[in-house]
Each structure stands twice: as C-alpha cells, then as structure tokens.
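Tertiary structure, described
One-letter residues, chain by chain:
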Amino acid sequence: MAKSKDKNTEEQILIAAKSVFQSKGMNGARMQEIADNAGINKAMLHYYYRSKQLLFEAVFNHAFSLLAPQLNAILNDDASIEEKIKNFTLNYTTFMMKHPYLPNFIIQELNRNEDFIEKLKENTGFPNLEKFKINVQEEINQGLIKPIDADQLFVNIIALNIFPFLGKPLIKALTNKDEKSYKTFVESRKSDVANFIINSIKNT
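Just so it is clear, the model here is predicted, and its values are computed rather than measured.

Concerning the UniProt feature "DNA-binding region" (unreviewed entry) in the protein
Look at the UniProt record and you will see "DNA-binding region" (unreviewed entry) annotated at residues 30–49. For residues 30–49, helix accounts for 75% and strand for 0%, while the C-alpha atoms at its two ends are 13 Å apart.

Quick look at the side chain of Arg189
You can see Arg189 is positioned in helix H11 (residues 179–201). Discounting chain neighbours no more than four positions away, the residues touching Arg189 are Thr89, Leu160, Pro164 and Ala194.

Some points on the pattern of salt bridges
Side chains carrying opposite charge are able to pair once their charged atoms draw close together. According to the stated counting rule, one finds ten salt bridges in the structure shown. Put simply, Lys172 and Glu179 hold a salt bridge, and the shortest N to O gap is 2.8 Å. A single salt-bridge network, built from bridges that share partners, covers Glu82, Glu83, Lys86 and Lys202.

Comments concerning the packing of aromatic side chains
Applying the stated criterion across every chain, the model contains seven aromatic pairs. Taking 5.7 Å as the distance between ring centres and 25 degrees as the angle between the ring planes, the aromatic pair formed by Phe60 and Phe64 counts as stacked. Taken as a pair, Phe60 and Phe64 lie in helix H4 (residues 52–75) at a separation of four residues, close to a single helical turn. Using a relative accessible area of 9% as the deciding quantity, one classes Phe64 as buried. A ring pair is formed by Phe132 and Phe154, whose centres lie 6.0 Å apart and whose planes are at 65 degrees; its orientation type is edge-to-face. Note that Phe132 is positioned in helix H8 (residues 130–141) and Phe154 in helix H9 (residues 150–166), a separation of 22 residues in sequence. Across this residue pair, the class does not change: Phe132 and Phe154 are buried. The structure contains a cluster of three or more aromatic residues connected by ring pairs, namely Phe88, Tyr92, Phe132 and Phe154.

Regarding a negative patch on the surface
Residues Glu114, Asp115, Glu118 and Glu122 make up a contiguous surface patch of negative charge. With respect to the helices, strands and loops of the structure, Asp115 is situated in the loop between helix H6 (102–112) and helix H7 (116–121).

Structural notes on the packing of H9 against helix H10 (residues 168–175)
A pair of packed helices is characterised by two quantities: the angle between their axes and the separation of those axes. At their nearest, the axes of H9 and H10 sit 5 Å apart, and the two run at 85 degrees to each other. Taken together, the axis directions place H9 and H10 in an arrangement best described as roughly perpendicular. Along the contact surface, H9 presents Phe163, Pro164, Phe165 and Leu166, while H10 presents Lys168, Leu170 and Ile171. Considered class by class, the residues forming the contact of H9 with H10 number six nonpolar, no polar and one charged.

Digging into a nonpolar patch on the surface
Judged by side-chain polarity, Phe163, Leu170 and Leu174 come together as a nonpolar surface patch covering roughly 330 Å² of accessible area. Structurally, Leu170 is set in helix H10.

Considering the side chain of Asn161
Within the element layout of this structure, Asn161 appears in helix H9. Within polar-contact distance, the side chain of Asn161 engages the side chain of Thr93 at 3.3 Å. Excluding its chain neighbours within four sequence positions, the residues that come into contact with Asn161 are Phe88, Thr89, Tyr92, Thr93 and Val193.

Reading the values: rules and limits
- Residues numbered from 1 in each chain as written.
- Predicted model: local features only at pLDDT ≥ 70, side-chain atom pairs only at ≥ 80, totals over all residues.
- Heavy atoms only, no water.
- UniProt positions renumbered as here; feature names shortened; annotations may be inferred.
- Helix = DSSP H or I, 4+ residues; strand = E, 2+ residues; numbered from the N terminus.
- Contact = heavy atoms within 4.5 Å.
- Salt bridge = Lys/Arg side-chain N within 4 Å of Asp/Glu carboxyl O.
- Phe/Tyr/Trp six-rings, centres within 6.5 Å; stacked < 30°, edge-to-face > 60°.
- Buried < 20%, exposed > 50% of the residue type's maximum accessible area, 1.4 Å probe, protein only.
- Patch = residues over 30% accessible without salt bridge, like charges linked within 9 Å, V, L, I, M, F, W, Y side chains within 5 Å.
- Areas by Shrake-Rupley, 256 points an atom, 1.4 Å probe, with all protein chains shown as cover.
- Lys, Arg positive; Asp, Glu negative; His and termini not counted.
- Charge placed at Lys NZ, Arg CZ, Asp CG, Glu CD.
- Axes fitted to C-alpha atoms, helices over the stretch in contact; angles between N-to-C directions.
- Parallel < 35°, antiparallel > 145°, perpendicular 65-115°, else oblique.
- Nonpolar A, V, L, I, M, F, W, Y, C, P; charged D, E, K, R; others polar.
- Polar contact = N/O pair within 3.5 Å; in protein donor to acceptor, adjacent residues only side chain to side chain.

If you want it as structure tokens, here you go:
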C-alpha cells in the first residue's frame, strides 16, 4: 500500500523550503538543506516533492494564493483611486519584503513557460482590473485626476513597486547600499511610491 502524505510534514517542508529559497534563491537552494531544515531525510522530501522545481512551485503558489486576493480586494473596493494606490503599494511592498523570491520567479517562469500565466489566472482571487478601470474613468470625468489610460496607470503602479525586488543587486550597487540600508530604502517606498504616483495624476 502506498503511504499517505501527512499535512503537518508537508507544511514543515513548505516552511523550510520558503526559508531556504529566500536566503539562497532557486539556483542556490539544495534539496538536502531543505530536508535538514524540515527535520526529515532527503528520501522523505522527494516522496513529497520529486524535484526542486515542483517544490519551488508549491512554495510560490502558496504565497501567491495569499497575495492575489489581497490585491484583488483593494482593486475592487469602494475606495478612491488615491486610497487604492496607497493600499496597493503598502500591501504589495509589505508582502514582497516577506516573500522576495516571488517577482523573480514569476519573470523566470514567464520566460520559460508561456502557459504559466494561464495557470496563475486560475488562482482564486487573481486580480481583476475592471472596477479599477471604471473608477479611474469616473475620477477623470469628475476632474479629480488627469486623463490617463487605466491600464497605463496600473502598469506604472506595478512597475514602480516591483522593480526594487527584481533589480535588487543593481539598485544596491548603484546606490551603494548594504542589506540593512536597502531594506530601509524599500520600507520608505511604501509611502514614497504612492505619493509619487498620486501627485503625478492629481488635478491641482
């Protein structure tokens, strides 16, 4: 008879894998180190996850399933565009500081696997922009914000929030920051990015 998989063991594995992937990245992570951190042997780890790629995808899917509904809720609530931008930036940056491997993994998988985004869209709570677009047009019509394409605005929000995580080594080198000062820099962007975007679109 085949052994059944224990949920507690699987959770231990995912916690251990997340820790190793965060510190070593996908390429630097080793299955043996993950097994050691989870308190199991390597054979047991392979019983649950046959490869490092499958384990990485499991860690990613778990994290994304937590982030996507948060962002979707912000985009589809009744708040103003200004509040949406503030809340989106705060939530996104806070989450990515805890899960810094996510942006690079998404880009890596998009480049490697064209079907990856379709799998992502199957996640419950995958961000939907329809209400956001309606809100943007309403505030343009009311003269609250400058005329701007809602898709362009959303891409600007995503780009300014995601790049510090995608380009971390480059940013640290260009700005001469160590790990501690880089974290302080990213923390300050929770408000700086939102204010920058809001000031760029507000009608004065």
